[in-house]
Amino acid sequence: MALRETLSLLVLLLAYLGLALGGLPGYRMNRAGVALVGASLLVLLGALDLEEAWRALDPSTLVFLFGVMVLNAHLGYAGFFGWVAEGLWKRARTPFALLVLLSLGSGLLSALFLNDTMALLLTPLVLRLARGLGLNPVPYLLALMAGVNTGSLMTPTGNPQNILVASLSGMAYLDFLRALFPVAFLGLALQVGLLALLYPEARSLRPLPPPPPLRYRLHPGLLRKGLLVASGLLLAFLLGYPMAQGALVAAGLLLFTRRLRSERYFMRVDWELLVMFGGLFVLTEGVRRLGLAEALLPLASSPLGLLLAATLLSLLISNVPAVLLLAPLAKTPEEWLLLAGGSTLAGNLTLLASVANLIVAEGAGREGVRVGLLEHLRFGLPLTLFSLALLYLGLA
């Protein structure tokens with residue numbers, strides 16, 4: 001028994017090390033692979049059997065995430081995101097106006113349609129626009145990074161950790177929005193102020209030339225259907241309809257089509273993220289069975305401690321694993337919201353603290369634009385500290 005527990009503990013330590021590093025040195029595994037291998041080894045060692053591992057999964061979280069991904073895929077094929085981006089760019093008359101519209105627009109889109117998706121779709125558009133207007137792209141790329149992170153805080157659909165918190169806590173969509181919208185909005189305003197302070201060219205009020213045309217294909221039929229389903233889903237959420245059930249129904253309505261093959265939807269579903277979630281549920285059950293979660297109790301014995309623990313663990317092992325580890329310690333709605341907020345806002349601290357940051361940085365790097373670690377830190381550090389303070393004062 002002691003040997004099995006020791007080996008299980010070693011598996012968990014290696015798994016969380018791999019999650020922190022994005023993989024294990026010398027092995028070609030990403031975070032999804034690490035989580036799945038760790039879960040399978042726990043089953044092999046007898047820490048839990050296959051049925052117990054299956055029961056550790058949270059179907060509501062997985063179904064909710066899948067449904068939102070299908071909706072994003074449909075709107076992406078319809079050209080919705082390019083259409084919205086073009087509408088924002090046309091209203092940007094000055095470099096400062098562009099900074100404001102990009103921050104608020106990316107934040108709102110992320111709140112509705114997942115932050116990583118927005119980072120992936122908007123990065124090439126921002127680069128093309130900045131170059132076409134003769135602007136330094138760096139402050140606008142930083143605005144996109146922080147905008148998708150901070151904006152995603154507003155709603156349960158904004159990012160994977162919020163989906164997890166909403167599913168595990170049973171919190172209503174409207175309650176989540178009502179509590180965190182003010183914090184996210186103030187955080188977006190704060191990032192505009194910081195970037196305007198750090199980059200004089202971004203606060204310029206000189207008139208800009210007409211923006212270059214953005215290349216995207218708009219499919220009116222798909223767009224109408226996607227907006228109708230998205231609007232119906234949002235209304236259902238606001239009226240208190242179960243979120244996972246609503247997302248599944250929305251996915252079914254969108255897949256029932258003569259225009260797009262089902263395979264095209266499934267190509268845009270992030271299966272790796274779903275696999276990682278599944279593996280993490282099993283790893284967390286292993287942590288619970290070995291009593292390791294009790295070691296976190298001193299860290300999170302108060303609302304402030306829970307917020308700090310969520311922030312630090314998110315930086316060390318990524319936000320979704322941090323939320324799963326700390327979830328048993330959240331008892332009140334305020335504590336659940338602090339957990340969601342700390343794990344989300346931690347992503348603004350460093351360039352490596354969020355997948356969305358890496359998506360933007362890598363996309364820019366392929367186009368010859370570099371966003372350095374120190375350049376991000378001088379913006380991300382004050383933004384994170386002030387945002388966390390706003391979150392705590394607003395909820396505690």
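Residues numbered from 1 in each chain as written. Predicted model: local features only at pLDDT ≥ 70, side-chain atom pairs only at ≥ 80, totals over all residues. Heavy atoms only, no water.

Caption draft 1: How the structure looks around the overall build of the protein. The helix and strand tally for the protein stands at 19 helices and zero strands. Against the compact-globule benchmark of 21 Å for 396 residues, the protein has a radius of gyration of 21 Å, which places it among compact chains. Oriented by its inertia axes, the alpha-carbon framework of the protein measures out at about 70 × 50 × 45 Å. When each of the 396 residues of the protein is scored for burial, the buried share is 54%. Pairs at least 24 residues apart make up 81% of the contacts formed inside the protein by residues separated by at least 6 positions. With the model as given, the accessible surface of the protein reaches about 17,700 Å², and the carbon-plus-sulfur share is 67%. In the protein, which carries 27 positive and 19 negative side-chain charges, the distance between the mean positions of the two groups comes to 15 Å. (Helix = DSSP H or I, 4+ residues; strand = E, 2+ residues; numbered from the N terminus. Rg over C-alpha atoms; globule rule 2.2 N^0.38 Å. Buried < 20%, exposed > 50% of the residue type's maximum accessible area, 1.4 Å probe, protein only. Contact = heavy atoms within 4.5 Å. Areas by Shrake-Rupley, 256 points an atom, 1.4 Å probe, with all protein chains shown as cover. Lys, Arg positive; Asp, Glu negative; His and termini not counted. Charge placed at Lys NZ, Arg CZ, Asp CG, Glu CD.)

Caption draft 2: Layout of a nonpolar patch on the surface. On the surface, a nonpolar cluster with roughly 560 Å² of combined accessible area is contributed by Leu3, Leu7, Leu10, Leu14, Leu17 and Leu21. Assignment of secondary structure puts Leu14 in helix H1 (residues 2–21). Assessed through its relative accessible area of 41%, Leu14 is described here as partly exposed. (Patch = residues over 30% accessible without salt bridge, like charges linked within 9 Å, V, L, I, M, F, W, Y side chains within 5 Å. Salt bridge = Lys/Arg side-chain N within 4 Å of Asp/Glu carboxyl O.)

Caption draft 3: Seen up close, the nonpolar core. Residues Trp89 and Leu283 are the most contacted members of the largest nonpolar core, which totals 135 residues. Element by element, the count of residues in this core is highest for helix H4 (residues 59–78), at 12 residues. In this structure Trp89 touches Leu98, Leu102, Leu125, Val126, Leu129, Pro211 and Leu214, once residues within four positions along its chain are discounted. (Core = buried A, V, L, I, M, F, W, Y, C linked by side-chain atoms within 4.5 Å.)

Caption draft 4: Highlighting the pattern of salt bridges. Summed over all chains, the structure comprises six salt bridges. The closest approach of N and O atoms between Glu51 and Arg55, which form a salt bridge, is 4.0 Å. In this pair, Glu51 and Arg55 are both assigned in helix H3 (residues 50–56), four residues apart and thus about one turn of the helix distant. Judged by relative accessible area, which is 58%, Glu51 ranks as exposed. One salt bridge in this structure joins Asp175 and Arg178, with 2.9 Å as the shortest N-O distance.

Caption draft 5: Region of interest: empty space enclosed by the protein. Within this structure, the stated rule accounts for two cavities of 30 Å³ or more. One number sums up the size of the largest cavity: a volume of about 40 Å³. For the largest cavity, the full set of lining residues is Ala85, Leu88, Trp89, Leu101, Leu102, Gly105, Ser106, Leu109 and Leu122. Sorting the residues of the lining of the largest cavity by element identifies helix H5 (80–90) and helix H6 (95–113) as the ones contributing at least two each. Looking at the lining of the largest cavity, the element that brings in the most residues is H6, giving five residues. Of the residues contributing to the lining of the largest cavity, the split by class is seven nonpolar, two polar and no charged. Within this model, the second largest cavity holds a volume of roughly 30 Å³. Taken together, Trp89, Leu98, Leu102, Val126, Leu129, Ala130 and Tyr140 make up the full set of residues lining the second largest cavity. (1 Å grid on protein atoms, 1.4 Å probe; cavity = no way out; pocket = protein on both sides within 12 Å on 5 of 7 lines; lining within 4 Å. Points joined across faces, edges and corners; volume = space filled by probe spheres on them. Nonpolar A, V, L, I, M, F, W, Y, C, P; charged D, E, K, R; others polar.)

Caption draft 6: Here's a closer look at the UniProt feature "transmembrane region" (unreviewed entry) in the protein. Those places that UniProt annotates as "transmembrane region" (unreviewed entry) correspond, in this numbering, to residues 62–84, 96–114, 179–199, 227–256, 265–284, 304–329, 336–359 and 379–395. Between the C-alpha atoms that bound residues 96–114 there is a distance of 26 Å. The span itself is 95% helix and 0% strand. Along residues 304–329 the backbone is 85% helical and 0% strand, and the end-to-end C-alpha distance reaches 13 Å. (UniProt positions renumbered as here; feature names shortened; annotations may be inferred.)

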